Structures are given as structure tokens and as C-alpha cells.
Amino acid sequence: MSFIIYFALSFVLYSSFAYASPKSLNFQARIKKPDGKNLESPSVNFRFSYLNEAGSCVLYSEDFTGISMTGSAGMTNINLGLGTRVYPTSGATTLYDIFSNAGVTLNCQGGGTITPASTDRRSIVMQFNYDGSNGWQTLPLVN
């Protein structure tokens, strides 16, 4: 089963310095089912995982549950950073924090840490589940 997903990420930068991290992220997508019809489910769950540039360390993960896509023509618009935090499970780390390249050490889900260099980027993985029977559908890493 293959979904066609057209997406765009828009970033609002805090400043133009090398250590800048986005103040907000917006995920927009059009999702088409394998039969070519737009996904218009009344309850879609999304999970976004944010990883280091190599994709080897999950730094932050959040869920958006019960998003209605009824009448949406397959379009969704999600304000990242406003979901239910899944990882880290405790502490004060925010989505904004994991994009900082200011020499901070960040914990990885599953163990270990990383200290990003000033030029390191992040990768984002988006997953969605729209009816419970098809399981989670995963987009490839977005750098």
C-alpha cells in the first residue's frame, strides 16, 4: 500500500545567526490513498519524531490525535510543537530546544547523547494512522 503525500514545512526563524532555531514549524500535507482518493477520515493520528542529522538519535517526539480530515480534500495543516509530547517523557526540553546548536547536550531516546555542531541540521519523520486497521504509515526522513 503506497500513499502519495505532498508536503511542505515552513519555518519561522528566530534570527539569522548560526545558532538560530525556528520559533515555530508548520507542517502542511495533502494525503492521497492508494486508490487515488483524498484521505478524508474523521479521525487521523499523527506522530512527528525529530532526529539528529544522521537519523540515529530521536531527540523529541509528539503526537496529534483525532485530527478530522473530513471534507479537507486530503489537506492537513499542523502546528508542530503544540502536540502531546511523547519523548522526552519528563523534563523541560521543548521542541524549540532540540533545534538549538548552541553547544547544548541533548538526550537520545533509547540512550546516549549528542552535542550538535553549529551547522548540524535535524531530520523529521512523520507517521499517520487513519483507521486503526492499516497501521502507521511512515514518510521517509525529511532533512
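Every value quoted in this text rests on a predicted model; they were computed, and no experiment measured them.

1. What about the state of the cysteines?
And then number 1: Taken as a whole and judged by the stated rule, the model has one disulfide.
And then number 2: Disulfide partner of Cys 57: Cys 108, at an S-S distance of 1.9 Å. Disulfide Cys 57-Cys 108: the torsion about the S-S bond is -105°, which places it as left-handed. Of the two residues, Cys 57 is situated in the loop between β3 (44–52) and β4 (58–67) and Cys 108 in the loop between β7 (106–107) and β8 (113–114); the sequence distance between them amounts to 51 residues.
And then number 3: Given the relative accessible area of 10%, Cys 108 is considered buried.

2. Some words on the pairing of β3
And then number 1: Of all nine residues that make up β3, seven are buried, and the element is covered over most of its length.
And then number 2: Of the strand pairs in this sheet, β3 and β4 are connected by seven bridges, and their pairing is antiparallel. The residue bridging Val 44 from the neighbouring strand is Ile 67, located in β4.
And then number 3: Count of turn residues in the β3/β4 antiparallel hairpin: five residues, of which Gly 55 carries a positive phi of about 80°.
And then number 4: Pairing of β3 with strand β9 (residues 122–129), which is carried by eight bridges, proceeds in the antiparallel orientation.

3. What to know about the packing of aromatic side chains
And then number 1: Enumeration according to the criterion identifies five aromatic pairs in this entry.
And then number 2: With a centroid separation of 6.3 Å and 35° between ring planes, the pair formed by Phe 46 and Phe 128 is classed as tilted. With a gap of 82 residues between them, Phe 46 in strand β3 and Phe 128 in strand β9 connect regions that are remote in the sequence.
And then number 3: A residue is classified by how much of its surface remains accessible, and Phe 128, at 1% relative accessible area, is buried.

4. Notes on the side chain of Asn 129
And then number 1: Locating Asn 129 in the fold gives a position in strand β9.
And then number 2: Apart from the residues within four sequence positions on either side, Asn 129 is in contact with Ser 43, Val 44, Asn 45, Gly 135 and Trp 136.

5. So, unusual backbone geometry
And then number 1: Of the consecutive residues Tyr 87 and Pro 88, the connecting peptide bond is found in the cis state with omega at 0°.
And then number 2: Looking at where Pro 88 falls in the secondary structure, it is placed in the loop between β6 (84–87) and α1 (95–98).

6. With respect to the confidence of the model for the protein
Atomic detail in the predicted coordinates should be set aside for any region of low pLDDT.
And then number 1: Residues at a pLDDT of 70 or more form 80% of the protein, whose mean pLDDT is 82.
And then number 2: Note on residues 7–18: pLDDT is under 50 here. Beyond four places in sequence and across chains, it has 29 contacts.

The rules behind these values
Residues numbered from 1 in each chain as written. Predicted model: local features only at pLDDT ≥ 70, side-chain atom pairs only at ≥ 80, totals over all residues. Heavy atoms only, no water. Disulfide = S-S within 2.5 Å. Helix = DSSP H or I, 4+ residues; strand = E, 2+ residues; numbered from the N terminus. Buried < 20%, exposed > 50% of the residue type's maximum accessible area, 1.4 Å probe, protein only. Pairing = 2+ DSSP bridges. Phe/Tyr/Trp six-rings, centres within 6.5 Å; stacked < 30°, edge-to-face > 60°. Contact = heavy atoms within 4.5 Å. pLDDT = per-residue confidence, 0-100.

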